[in-house]
Amino acid sequence: MSVGTGTAGTGTEFSAELFVQGAELPPGIGPYRLAWRRLRRNKAALAFGGVFLVIVVLCLLAPVYASHIAHTGPNDNHITEMINVGGKPTSVVSLIGIPIGPTWHSKFFLGADPNGRDIAVRLLYGGRNSLEVGFVATLITMVLATIVGLVAGYSRGLIDGTLTRALDVIWAYPVYILGVALGVSLALGGIGPIHGNSLLVPAFVIGFVFIPYVAKPIRGQVLGLREREFVDAARVQGLSHLRIMATEILPNLASTIIVFIPLMLANAILLEAGLSYLGAGVQPPNPSWGTMISDGVNNIPAAIHLVLVPGIMLVVAVLSINVFGAGVRDALDPRARVRIGR
Amino acid sequence: MGRFIVRRLIGAIGVLFVISVLTFLIFQAIPNGDPAQRIGGRTANAQELAQIRHEWGFDKPIYVQYYKTMEKILTGTVVSYSQDINVMSEIRRGLPATLSLAIGAGIIWFTLGVFFGTVTAVKAGKFTDRSLTVLAFLGVSSPPFFLGALLIYYAGYKANIIPLGGFVPFTNSPWEWFRHLIGPWLVLSVLFIGIYSRVLRSTILDTMHEDYIRTARAKGLTERQVLIRHTLRNSLIPIVSLWGLDFAAVIGGGAILTESVFNLQGVGQFAADSIQRLDVPPVLVITMLTAFFVVLFGAIVDIVYALLDPRIRLTG
């Protein structure tokens, strides 16, 4: 009865048990409706999902904030200027190079950095870059990992052996060393027509590094699915292998894929920050949360707000994705009642 | 057992070979990445560059270059491009810091991970569980260099409790060694404690429904005995395997961020610095070292697995 596929704990054992549970509910309710009902009851997950949505919207509105409230761009220098704080004029960056802290006014709301740039404006633009890298990287990971896992698990034999070995190699390669090596090398050279300082370079590097973490569990699940009766039925009907993979097996992977998306997004944003800290991620003067924290670390102890502002923003964003993701996983997992009910 | 070890060994050599080739190619593919330029410096003229190229063998085909580099690595005579220093002795210099970091943090994150995982599972759904779960999520969501920077600022500059970075060998002064490492240990552990406690919590909750737990209770064992001897013993298996792999990665220089922010001058920081200088030999050696540890501990973990759980057979 159990659809045990050897992929521990990814919420993959789906249809069979769900239908048993579904029997207690009104007839005709699908697994995703059921999951949505469970998610809706999880107020904490929804709240954190809302927080993340707010952060995304704020970051998308960065140009509006820059032009209508702060009246400065993310890379504009105000290093020699004076502004009015509480009635008295203050240097944006003092003579010994210490930048102004949060003013809580429209200009330099969260303070300035040693180059006299507005932290709040950079925070929003940096968020756009961090999130863009995160989303693109997640997309790359999910698409490639699904294809690799699907093909490897379905074809078995030599193709499976080769692909699994390739995944093992990437997996044994230390994440940060591979990320930094690829990041530095591609930032200098670019990828074909893509310029080295493009955001797509770190996105590609991060997306690539995480492939085995998703492809391995998907392969394991496909190994189990291909032995099921409905795949035999499709084969007897004369469907091609490609068709079976796309229309019979892929839909059964949907819940696994959905569970992995928030997890990968959170990890991608964290890795972007780490790579940027090591100089192998988003390239200056482009802001990202990682490059901003990195700038701030170099300015300890003069101006701790340079670390705190982007750092807290990053942690809140990643935390909200993680909590929301955990809620989604519990909702899709048939054993969710065991997990959260007790 | 013997067959298992031999097969694993062959697999490991294969993985190390492919990883070394990949690392070599990544740096070869860089345009303007001519190592002769970096060895010669800015002032070198075309003739000097040509001579450097000849001496180091950069004018040879790439597979010859790879072969020569690997030969030097395996005989321990490999020299870095940028400073003309022996890579092996440089790694040996960084190893005490990295080992101290890995062993101390490894003990902390395993102990606290198991402790918090057990507490949250036993108190599942209660206030303790919820608040510790929030903390676990916070740990998983915080980049180590951010936590490290906060610790250095607040506990270092402000409170003057910990030093601002660096490493002191244990043999020089055990107390200073401890004081310099307590920050890095905590920062590195936070992430792993978060992951381990979550994994252990759900494994324990799954295990609690097994028949043998009911049997143990029926025998009249106390809840404490059931928890420690039966539930925990079986739930620890995935944690042990996680620990082995993570520990291996940290020993091999994988804790680059923690080492860099605390300026420990360990193997990981050496790797990061070398990559930024596009210095291939050290990167090659450290990458292979880390991968070696990951593969080695992977095999050890499988053996420990088989010892802990007689149902598991060693294959492949």
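Keep in mind it's a predicted model, so treat the numbers as computed, not measured.

1. Let's talk about the overall build of chain B
- Looking only at helices and strands, one finds 13 helices and zero strands in chain B.
- When the helices and strands of chain B are read in sequence order from the N terminus, they spell out α-α-α-α-α-α-α-α-α-α-α-α-α.
- By principal-axis analysis of the C-alpha atoms, chain B measures approximately 85 × 55 × 35 Å.
- Every one of the 316 residues in chain B was classed for burial, and the buried ones make up 39%.
- Across chain B, every contact between residues at least 6 apart in sequence was considered, and the portion connecting residues at least 24 apart equals 71%.

2. A word on the overall build of chain A
- Looking only at helices and strands, chain A has 14 helices and two strands in total.
- Evaluated residue by residue, chain A yields a buried proportion of 48% over its 342 residues.
- For chain A, the proportion of contacts with a sequence separation of at least 24, taken over those separated by at least 6, is 67%.

3. Describing the nonpolar core
- V180 of chain A together with L101 of chain B are the most contacted members of the largest nonpolar core, which totals 166 residues.
- Once residues within four sequence positions are removed from consideration, L101 of chain B is found in contact with L181, P184, W185, L188, V250, A255, T258, E259, L264 and G266 of chain B.

4. Let's talk about the interface of chain B and chain A
- Tallying the contact residues gives 48 residues for chain B and 38 residues for chain A.
- Elements that contribute at least two residues to the side of chain B that touches chain A include exactly α1 (2-28), α6 (127-141), α7 (144-158), α8 (174-207), α10 (223-254), α11 (256-261), α12 (267-276) and α13 (280-308) of chain B.
- Looking at the side of chain B that touches chain A, its residues break down into 34 nonpolar, 14 polar and no charged.

5. Digging into helix α10 (residues 229-236) of chain A
- With zero of its eight residues buried, α10 of chain A lies for the most part at the surface.
- A positive phi of about 90 degrees marks G238 of chain A, the residue just after α10 of chain A.

6. Structural notes on the confidence of the model for chain A
- Across chain A, pLDDT averages 81, with 85% of residues at or above 70.
- Confidence over residues 1-18 of chain A falls short of pLDDT 50; this stretch has 46 contacts with residues more than four positions distant or in other chains.

7. Details of the packing of helix α5 (residues 87-122) of chain B against α13 of chain B
Residue and element names in this part refer to chain B.
- In the contact formed by α5 and α13, the axes pass within 10 Å of each other and the chain directions differ by 55 degrees. Between α5 and α13, the angle is such that the two are oblique. In this structure, α5 meets α13 at a crossing whose hand is right-handed. Contact residues: α5 offers V87, E90 and I91, while α13 offers P281, P282, V285 and I286.
- When the residues that make up the contact of α5 with α13 are grouped by side-chain class, the tally is six nonpolar, no polar and one charged.

8. Brief notes about the confidence of the model for chain B
Residues and elements named next belong to chain B.
- Looking at chain B as a whole, its pLDDT mean stands at 84, while 94% of the residues score no less than 70.
- At the low end of the mean pLDDT range in chain B sits helix α2 (residues 35-40), at 69; at the high end sits α5, at 92.
- Taken together, the chains of this predicted complex give a pTM of 0.84 and an interface ipTM of 0.83.

9. Overview of the packing of helix α5 (residues 119-155) of chain A against helix α9 (residues 211-225) of chain A
All names here are of chain A.
- Between α5 and α9, the least distance of the axes is 7 Å, while the angle of their chain directions is 35 degrees. With respect to the hand of their crossing, α5 and α9 are arranged in right-handed fashion. For the pair α5 and α9, contact is made by T141, M142, L144, A145, T146, V148, G149, L150, A152, G153 and Y154 and by I211, V214, A215, I218, R219, V222 and L223, respectively.
- Residues that form the contact of α5 with α9 fall into these classes: 13 nonpolar, four polar and one charged.

10. Some points on the environment of V318 of chain A
- Considering the arrangement of structural elements, one finds V318 of chain A in helix α13 (residues 305-332).
- Between the alpha carbons of V318 of chain A and A268 of chain A there is a distance of 9.6 Å; along the sequence they are 50 residues apart.
- Apart from the residues lying within four places of it in its own chain, the contact partners of V318 of chain A are A266, I269 and L270 of chain A together with S141 of chain B.

11. Some points on the environment of A248 of chain B
Residues and elements named next belong to chain B.
- Residue placement: A248 occurs in helix α10.
- Taking C-alpha positions, A248 is 20 Å from P143, a pair spaced 105 residues apart along the chain.
- Contacts of A248, omitting those with residues within four sequence positions, involve F293, V294, L296 and F297.

12. A word on unusual backbone geometry
Residues and elements named next belong to chain B.
- Residue N160 is not a glycine yet carries a positive backbone phi of 60 degrees.
- As for its position among the elements, N160 is in the loop between α7 and α8.
- A positive phi angle, near 60 degrees, is found at Q265, a position not held by glycine.
- By the element assignment, Q265 lies in the loop between α11 and α12.

13. So, the environment of F135 of chain A
Residue and element names in this part refer to chain A.
- With respect to the helices and strands, the residue F135 is situated in helix α5.
- Here F135 falls in the partly exposed class, since 16 other C-beta atoms lie within 10 Å of it.
- The spacing of F135 and G207 is 72 residues in sequence and 9.4 Å in space, taken between C-alpha atoms.

Basis of the calculations
- Throughout this description, residue numbers start from 1 for each chain and increase along the sequence as written.
- Written order determines the labels here, with chains lettered from A and ligands numbered from 1.
- In keeping with the predicted nature of the model, local features appear solely for residues at pLDDT of at least 70, side-chain atom pairs appear and are counted solely at 80 or more, and the whole-chain, interface and lining totals rest on all residues.
- Each helix is a run of H or I in the DSSP string that is no shorter than four residues. Each strand is a run of E no shorter than two, and both are numbered from the N terminus.
- With C-beta atoms placed from the backbone, a residue is buried if 20 or more other C-beta atoms are within 10 Å of its own, exposed if 12 or fewer are, and partly exposed between those counts.
- Residue pairs qualify as contacts under a 7 Å threshold applied to their C-beta atoms, which are placed from the backbone.
- Joined through C-beta atoms within 7 Å, a set of buried Ala, Val, Leu, Ile, Met, Phe, Trp, Tyr and Cys residues constitutes a nonpolar core.
- In this classification, the charged set is Asp, Glu, Lys and Arg, the nonpolar set is Ala, Val, Leu, Ile, Met, Phe, Trp, Tyr, Cys and Pro, and all remaining amino acids, among them Gly, are polar.
- Confidence scores per residue from the predictor, reported as pLDDT, run from 0 to 100.
- In this analysis, axes come from line fits to C-alpha atoms, helices being fitted only over the stretch in contact, and the angle between any two N-to-C directions falls in the range 0 to 180 degrees.
- Here the angle decides the label: under 35 degrees means roughly parallel, over 145 means roughly antiparallel, 65 to 115 means roughly perpendicular, and every other value means oblique.
- Crossing handedness is defined as follows: a turn of the near helix away from the far one that is anticlockwise and smaller than a right angle gives a left-handed crossing, while the clockwise case is right-handed.

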